[in-house]
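Results of the structural survey
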Amino acid sequence: MRRLARKGVVFRAGDEGAVLYRLRAGLVRMVEILPDGRLIAVRHVLPGDFFGEEALEGRPYRYTAEAMTEAAVEGHFPEGMGLDGWQQVARSLAEQMARLQAYGTHLQTGDLRARIIRYLLFLAQTPALAWDGRGPYLAISHEEIAQATASLRESVSKLLMKMRQEGLVATGYRRVYLLGPRGLRAWVPPGLLQTSLETRGD
């Protein structure tokens, strides 16, 4: 078992793909650097998910895997996995493919405000959600939100300021507090996202 702090890197794009990983705790994102130097988040790995599937073919990893929270991962050598292990990998990758398709749809529909809200509510279903005396929050920067919503940091900051004025969120250093999750959910089609906020109230 390997433990990582927030921003810790499991592997980098171009590294030899020799190990298949499984996330045991925390949240990991897969990121890509575009030709213009911008970084985008292309996928999120949840507890129980396998990732680094390039190792199944012995290819270099395509993306960099970075922890968004404290995380724990375990490595597997594909050649040592039995039938049950392969079945688990197949189920995990199929589930992630479905999530990835939904995530792609979120990025391609609606304006930036809607995309930001969808992303915040998506994260609220993951280990990225935490609580303190002010309520539920996500330990995430404006830059990371921009990277996940195909936008610019400046645009994200402006919209978060408007949402703060509307009482939907509050912001702090690398924190976004979800003050009005019911209002945020109004931007998401019914049944599309069920967040862990629903069991704690607004």
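Look up a bit, the structure's there.
What comes next is a walk through the structure. Because the structure is a prediction, the values reported are computed rather than measured. (Residues numbered from 1 in each chain as written. Predicted model: local features only at pLDDT ≥ 70, side-chain atom pairs only at ≥ 80, totals over all residues. Heavy atoms only, no water.)

Next up on the list: the sheet that holds strand β10 (residues 135–138). Paired through their backbone hydrogen bonds, the strands of a sheet run either parallel or antiparallel. Spatially, 4 strands are ordered β9-β10-β12-β11 in an open sheet, and the strand pairing comes out antiparallel. The open sheet terminates on both sides in strands that have one partner only, identified here as β9 (129–132) and β11 (169–172). Looking at each pair of strands side by side, their axes are set apart by 35° on average, direction ignored. (Pairing = 2+ DSSP bridges. Helix = DSSP H or I, 4+ residues; strand = E, 2+ residues; numbered from the N terminus. Axes fitted to C-alpha atoms, helices over the stretch in contact; angles between N-to-C directions.)

If you trace the 4 strands from one edge of the open sheet to the other, you get β1-β8-β3-β6, paired in antiparallel fashion. In the strand order of this sheet, the two ends are held by β1 (2–4) and β6 (50–51), each with one partner. With 5 bridges connecting them, strand β3 (residues 20–25) and strand β8 (residues 71–76) associate as antiparallel partners. Within β8, the residue paired with Leu23 across the bridge is Val73.

All right, on to the packing of aromatic side chains then. Counted according to the given criterion, the structure contains 6 aromatic pairs. For the pair Tyr137 and Tyr177, a centre-to-centre distance of 5.3 Å together with 50° between the ring planes defines the contact as tilted. Remark: Tyr177 occurs in strand β12 (residues 175–178) and Tyr137 occurs in strand β10; sequence separation between them is 40 residues. Among the residues examined, Tyr137 registers a relative accessible area of 10% and is labelled buried. Above the plane of the ring of Tyr177 lies Arg134, whose end atom (NZ or CZ) is 4.3 Å from the centre. Here the guanidinium or amino end of Arg175 rests over the ring plane of Tyr137, the centre of that ring lying 4.0 Å away. (Phe/Tyr/Trp six-rings, centres within 6.5 Å; stacked < 30°, edge-to-face > 60°. Buried < 20%, exposed > 50% of the residue type's maximum accessible area, 1.4 Å probe, protein only. Lys NZ or Arg CZ within 6 Å of the ring centre and 35° of its normal.)

What follows covers the pattern of salt bridges. Overall, the coordinates contain 11 salt bridges when judged by the stated rule. Residue Glu144 is joined to Arg6 by a salt bridge in which the shortest nitrogen-to-oxygen separation is 2.9 Å. You can see Glu144 sitting in helix α3 (residues 142–148) and its partner Arg6 sitting in the loop between β1 and β2 (9–11), a full 138 residues away along the chain. Among the residues examined, Glu144 registers a relative accessible area of 2% and is labelled buried. Classification of Arg6 by relative accessible area gives partly exposed; the value is 25%. A salt bridge links Glu74 to Arg24; the nearest nitrogen and oxygen atoms lie 2.9 Å apart. Here the residue Glu74 occupies a position in strand β8, and Arg24 occupies one in strand β3, the gap between them amounting to 50 residues. (Salt bridge = Lys/Arg side-chain N within 4 Å of Asp/Glu carboxyl O.)

With that settled, consider the side chain of Glu66. Mapping Glu66 onto the fold places it in strand β7 (residues 64–67). Not counting chain neighbours up to four residues away, the residues in contact with Glu66 comprise Lys7, Gly8, Leu27, Val28 and Arg29. (Contact = heavy atoms within 4.5 Å.)

By the bridge criterion, 4 bridges tie β9 to β10 in an arrangement that is antiparallel. By the bridge assignment, Ala130 is partnered in β10 with Tyr137. Where β9 folds back on β10, the antiparallel hairpin that results is connected by 2 residues.

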